[in-house]
Structures are given as structure tokens and as C-alpha cells.
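Secondary and tertiary structure notes
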Protein chains: 2
Amino acid sequence: MPTLSEVASLAGVTSATVSNVLRKRGKVGEQTRLRVLAAVEQLGYRPHLTARALAEGCAPTLALMVSSIANPFYPEFALAAERAAHANGRFLIVCNTNDDPVTGRAYLDQIAGTLSEGVLVMNANLSIDDLKKTEQRGAPVVLCMWEKPDAPPELPCIAVDFFEAGAIAGRHLIGLGHQHIGALVGSKINGIHAERYKGYLSACAAAGQKHPQNRTGYIEDSVEAGYESTKALLKAHPQLTAIFASNDLPALGALNAAADLGLKVPQDISIIGITDIQWARLSRPALTTVAVPTVSAAEMAVALLLDLISKPGQSAAMRITATPQLIERASTGPATC
Amino acid sequence: MPTLSEVASLAGVTSATVSNVLRKRGKVGEQTRLRVLAAVEQLGYRPHLTARALAEGCAPTLALMVSSIANPFYPEFALAAERAAHANGRFLIVCNTNDDPVTGRAYLDQIAGTLSEGVLVMNANLSIDDLKKTEQRGAPVVLCMWEKPDAPPELPCIAVDFFEAGAIAGRHLIGLGHQHIGALVGSKINGIHAERYKGYLSACAAAGQKHPQNRTGYIEDSVEAGYESTKALLKAHPQLTAIFASNDLPALGALNAAADLGLKVPQDISIIGITDIQWARLSRPALTTVAVPTVSAAEMAVALLLDLISKPGQSAAMRITATPQLIERASTGPATC
DNA sequence: GTGAAAGCGCTAACAG
DNA sequence: CTGTTAGCGCTTTCAC
């Protein structure tokens, strides 16, 4: 690969000048500029991003920490984040923590500030302490789609009003006349869906309905867990006419459980999820769900991170994305009893 | 962030020595080693990966080019690739080309050899010429899950026997007694599924069945396209008892079309796909499909790429992964007429 | 064993 | 306007 100085000597100038024409800095004579450009073209010169990063003291990469990029929710976020990053001249490194704090910490220690200029953190089971530590070391951190507004994150974050998402789901079910509702709350690992559940409970309370504790299954955030839990719930409480799931994956599992139990959705039982992942519209019946603003959250997260990178020492404000939206599809309908 | 020389002066040695103990190179006196380690610990020193990359002339990153990481097939590949890369001390940069050759070329020009040491290419609509050019510039390229064994790739690649995958699917359907089979072949964009279709046709021929051209829909690789095409196919050919889809997404669309048409799967119509993406096991009925060795392909691709990186000028051999496997689930059954 | 010095490719003052 | 001069933080001969 040709270097700057090779281009320089071909053009009969010095590397500083070449750098200047390439970065459009300083003033360069029109003819030398042309000469340099010709040399660049002739040699097929491309700037060495690693060298540039070292010299500038700033790498053109951002890291995205997720538990697993194969989790159906992350790819859409990652796509939006990568696009936003690239639109700003940055590249995105994807790190799968596998929900293992040790792996996560190792990633942070390795790349934060040394290879990537900042880090976006999705639900990757990283400790706030580790994150604060990497922030103190100079690599900005942005929590993405933060769900616990009451627990001060102590770190910049993009928050989504998951309480409202839960409330919307609850109101939808109640509005349809459902009085016996089962709930699927995940994930067990980090109890991160508590906010959604609280929102749902608040909707019940507001309608004067009470939700008995034993109608809630605390489960993992997966189709399989939703499937099993729904079967158990329906066996214990045959009178249920609806299922509130704190996430789409368990909701989809509930759909399958209903089908395998010979129940018709939504005639016999209504099911609602939260998030609106890709599959939600593709299941049969298509899943009614509360869409969360994933794309805008990703864009905001990248914007916030870039802000923090450009202005070190900035205060760590929390930004909030658009309100979740009910997406009414075919898995919910009026209560029949 | 503390630097090597800061650690060095704390330990009362020179940076070369610190480097030696950290890289476990050369011989270092046991006591100096301990002293250095203590200093590293005390300062919380972490090697600056960008600086190291520049000095070593080798970046610790690999790039993965995909059309869109949100396409349901890529995340599983990306997960496996990232794990394999990280197991070898490399980080993975994800690049979404959006199927746009211009975007793809820009990515290659920017990072290949300057920020990432090599590039993995999934179906990203990049021209072979562009790829060969980046290879010539010194950044190894590995084509992942290459499907056209007859068209010499001229580039190192991991090939999957998609012809056999198609044949397996065809044999399965024929073995079940199906004589009137419709075919969904995608994607239209790059005609990349031809091999799968050929395999399917060969299975028909081997069984003495002929597949009329007008029973094939050439479509995009999506659930929606599969849905529409299945409806059209079924309308034009009501006698069809099975659908062969060259990919799972259209197969899932076919499943939905059958459901919306009031057809029971597999009693009225059998449907088979190829790939075995995550959703395949989650649909109702669960999709019978021919699983492709995604994970091993990803691992082999990373291994090949690392080989090429470590041994420049190596011959570009094609490596082949495991044979596709039939995964019999609930969407296929005996022909009833 | 350990240190001195050069250099990876580029940027960023500062001179001229 | 353009060239000179230092580095960025680390690795790597090559002496001592």
C-alpha cells in the first residue's frame, strides 16, 4: 500500500502538503493540489486509518456490546447504529458478551479507548461499575434503551419509556374487556423487564382490576420459556382470556402454546407482546405488540456518543426517545366471556 | 490512559523491557518482571491496540461485509464469526452494504488493510473485481458460503453444497409421494439460488418427474415475496401438494399463504425451505428445512482468513463445509392425492 | 537481561 | 502557500 510520503515524492511535495490537500485543511496552491491529486490517483493511495487514528489520538470506531448479536432484537438496532456511525465516518465493532460479565469486562478493557473511541451498551450484563470505570479512563459510554428511570444510571443513556409500553399493552387488553389476564415477565437474568410489568400493573389498577401475583410467570426472555410458562399458566388458570408478555419472544411462544393447546387466537385467548421485532408481523396470527422506537434509539445513542467523544467532560444527560406505539395486529381481540 | 513508558519509569526500566514482559518475548529477569507487572497493575495499564497495530503493521480487526445485519440469516453467522475472531484476538467490524455496490466499494477502500486486516464477504452484492482489487492491495478476502462451484470464484472461499441442499429437499418431497410441486427461487437480485434450484431439479429428474417451468416463481428472498408468489402459484396450479423454497424466508411466507388460504399444512400442502434460520423451528407448523452449516462455515471462514493473513501469497484454495442436513419438522407430510 | 534508537504512517504546530 | 520537525504509543533490532 502506497504511503503519504510516496504520494508526496511523486507529486514533488512533502507529506504535510499531501495531508493538507487530502484533509482540505490549510491553503494549498491550486496547481500543487492538482498535482497531488493526480499522484494520489496514480498510486491508488488510501489513507491508513490506523496510522491516522494514532496521530489524531482518536480512532474511527465505536464498539457495540450486546449479549448476542443473534438475539432477534439486536440486529435491527445494530443495523441502525452502524448506519448512523458510518454516516459520521465511524465503523462499528460488534462485541458479543454472551451475558458473561467477565467476557464483557475483558472487551471493555481491551478496546475502550485503545481501538474504539466509545462504547454503546445494550443489555449485555455488564456492571455499572465496570462501565463507569471505562468512562473514567476516557472512553465515553452510552447505555442504550435503558429501562430503569428510577434507578439513576449514573451514565449517559438513551431511555425508552417501557413503563408506558407496559401500560399501553395493559390498557389495550383491558379495553378489549379482558378481566382474567396472565403475565409473562422476563428476563429472569437481570429482572430488566420490571418496568414494563409495573406499567401493565398500573393499567390494571387504573381500571380497578387487580392482577393476582400467581398469574405471573417470571421467565427467561425466549420463545421456549414463553411457551412453557403459558402452558403452565393456562393449566393453573383455565379462565384466562389474555396474556400480557413483557417481550415479543415470550409472546410468540405463547402463540405457539395456544396453538398446541388447540386454543384459537384471538377468539379463545388474546396475546400481546412488547418491542415489535421482525417476526411479530410474520407469525400467524400476526402479533399485536407495543412497538419500541429501536431505530431512533440507535440513532440517538450514536449521536450522544459522538457528542461525548467530541466534548470530553460533558455532563451525562439522559435522553428519551419517542413513546412506544401500539401495533394492533391479529393476536388480540374482544374478551368472549 | 497510562502509556508503556509511564509504566517503564515507574518500574525503573525502559519501555522495551515492559513490552518484553507483556508480550512474553525475550528473556526478562524474574525480579524485573515482577516489578514491571506491579507497575502495570498499579497504573491500570492497558496496551493501546491502535498503536500496537501501527507498530506491528497488523490491525487486530476483521471486517464482515453483509447486505444488512438485520437480514435474519446473518446474525447467526456474525455471532459465530465474531466468536471465532475474538478467540483469536481479533475484533469484528460489521459493514452493511445495503446491497449497494458503491457503498460496498467505499467500505473496502476505506478499511481493507488500513483498519481491518482482512475481510469476510457474505452476499453483499460486491463485484468480484472490487474484491480482487482489495486482495491485490494486500488485504485477504474470503467469500463466505459461496454457492456457485461451477463459476470459479477466483478468490478464497468457503463453499456450501447448496446443490445438494436443493437435492435433499427435492428428494424429501418426492419421497413423500409429491408429484405436483411448486418452486420458489430467490433471490432475484443476484440469482444466487440457482444452485439450490438445480439440485432440486436434479432430484426430480432422478425420480423421473419433470418440473414444469411455469411452476417456479423467481422472487426476492423475503417472507412477503414467498407469500405472494405462493398465492399466485396455488391459484394457477391448484393441484400442487408441495412447495420447494430455495430459502427459509419465502418458505415461511408460503406457510402464511397456506394458512390464509385455509389450507392445512402439511395435510393439504407440504412446504420445505433451505437454511434453518432461527424462526424455522418457531413457526406453526414448524418448518421442515435443509440446514446449512452456518456456524462451521463462519468458523472456517475466519480460520481461512487468519491463515491468509499470516501467510501472505498463499494459494487461494476453496474449502468446503459439512453437507447440509434435512431437518424434518411439521411442515411436510405424505402427499394425499 | 536490559537499554538505546529507529520507525510504523499520519497529523499538527511552527517556520519560512 | 509549503516544508521542517516532532511526536502519537508501541515493537523491534541491535548493542552493551
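Figured I'd write up the structure that's included with this text. Remember, it's a predicted structure, so these values are computed and weren't measured experimentally.

Rules and cut-offs
Residues numbered from 1 in each chain as written. Chains lettered and ligands numbered in written order. Predicted model: local features only at pLDDT ≥ 70, side-chain atom pairs only at ≥ 80, totals over all residues. Heavy atoms only, no water. Near = heavy atom within 4 Å. Polar contact = N/O pair within 3.5 Å; in protein donor to acceptor, adjacent residues only side chain to side chain. Helix = DSSP H or I, 4+ residues; strand = E, 2+ residues; numbered from the N terminus. Nonpolar A, V, L, I, M, F, W, Y, C, P; charged D, E, K, R; others polar. Contact = heavy atoms within 4.5 Å. Buried area = accessible area lost by both parts, 1.4 Å probe. Salt bridge = Lys/Arg side-chain N within 4 Å of Asp/Glu carboxyl O. Buried < 20%, exposed > 50% of the residue type's maximum accessible area, 1.4 Å probe, protein only. Pairing = 2+ DSSP bridges. Axes fitted to C-alpha atoms, helices over the stretch in contact; angles between N-to-C directions. Parallel < 35°, antiparallel > 145°, perpendicular 65-115°, else oblique. Left-handed = near helix turned anticlockwise from the far one by under 90°.

Of all residues adjacent to DNA strand D, which total 25 residues, the nearest are G29 of chain A together with L4, R23, Y45 and R52 of chain B. Interatomic distance of 3.1 Å between a backbone N/O atom of A55 of chain A and a base oxygen of DNA strand D. R52 of chain B has a polar side-chain atom sitting 2.5 Å from a phosphate oxygen of DNA strand D. Of all the secondary-structure elements, those providing two or more residues to the surface near DNA strand D are α2 (15-23) and α4 (49-56) of chain A together with α2 (15-23) and α4 (49-56) of chain B. The greatest single-element share of the surface near DNA strand D, amounting to four residues, is contributed by α4 of chain B. Split by residue class, the surface near DNA strand D holds eleven nonpolar, eight polar and six charged.

Moving on to the interface of chain B and chain A. For interface size, the figure often reported is the accessible area lost on association. Counting residues at the interface gives 50 residues for chain B and 50 residues for chain A. A combined buried area of about 4,500 Å² lies between chain B and chain A, and 60% of that area is made up of carbon and sulfur atoms. D260 of chain A serves as the salt-bridge partner of R284 of chain B, at 3.1 Å between the closest nitrogen and oxygen. Taken together, chain B and chain A are joined by 24 residue pairs in polar contact (both at pLDDT 80 or more). Looking at the side of chain B that touches chain A, the elements with two or more residues in it are α4, α5 (74-87), β2 (91-96), α6 (101-111), α10 (223-236) and α11 (248-260) of chain B. By residue number, the principal contributor to the side of chain B that touches chain A is α5 of chain B, which donates seven residues. Each residue belonging to the side of chain B that touches chain A can be placed in one class, and the counts come to 29 nonpolar, twelve polar and nine charged.

Turning our eyes to something else, we now look at the pairing of strand β10 (residues 288-291) of chain A. Residues and elements named next belong to chain A. The alternating pattern of β10 places T288 and V290 on one face and T289 and A291 on the opposite face, and all of these are buried. Note: strand β9 (residues 270-275) against β10, four bridges, orientation parallel. For T275, the partnering residue across the bridge sits in β10 and is A291. Two strands pair when backbone bridges link them, and β10 and strand β12 (residues 325-327) are joined in this way by three bridges, in the antiparallel orientation. Along β12, the bridge assignment pairs T289 with I327.

Turning our attention to the packing of helix α1 (residues 4-11) of chain B against helix α3 (residues 30-43) of chain B. All names here are of chain B. For the pair α1 and α3, the least separation of the axes is 9 Å and the interaxial angle reads 125 degrees. Between α1 and α3, the angle falls in the class oblique. You can see that α1 and α3 cross each other, and the crossing is right-handed. For the pair α1 and α3, contact is made by E6, V7, L10 and A11 and by R35, V36, A39, V40, Q42 and L43, respectively.

Here we come to the packing of α2 of chain B against α3 of chain B. Residues and elements named next belong to chain B. Here α2 crosses α3 at 90 degrees, and the two axes come no closer than 10 Å. Judged on the interaxial angle alone, α3 and α2 are roughly perpendicular. In this structure, α2 contributes V18, V21 and L22 to the contact, and α3 contributes R33, V36, L37 and V40. Looking at the contact of α2 with α3, its residues break down into six nonpolar, no polar and one charged.

This part covers the protein's contact with DNA strand C. Close contacts around DNA strand C come from 24 residues, with L4, R23, Y45 and R52 of chain A together with G29 of chain B the closest. Counting only atoms of DNA strand C within 4 Å of the protein, the sugar-phosphate share comes to 77%. A distance of 2.7 Å is found between a phosphate oxygen of DNA strand C and a side-chain nitrogen or oxygen belonging to T32 of chain B. If you list the elements that add at least two residues to the surface near DNA strand C, you get α2 and α4 of chain A together with α2 and α4 of chain B. If you tally residues by element for the surface near DNA strand C, the top one is α4 of chain A, at four residues. Its residues placed into classes, the surface near DNA strand C shows eleven nonpolar, eight polar and five charged.

None of the figures reported here should be taken as evidence of function without further support.
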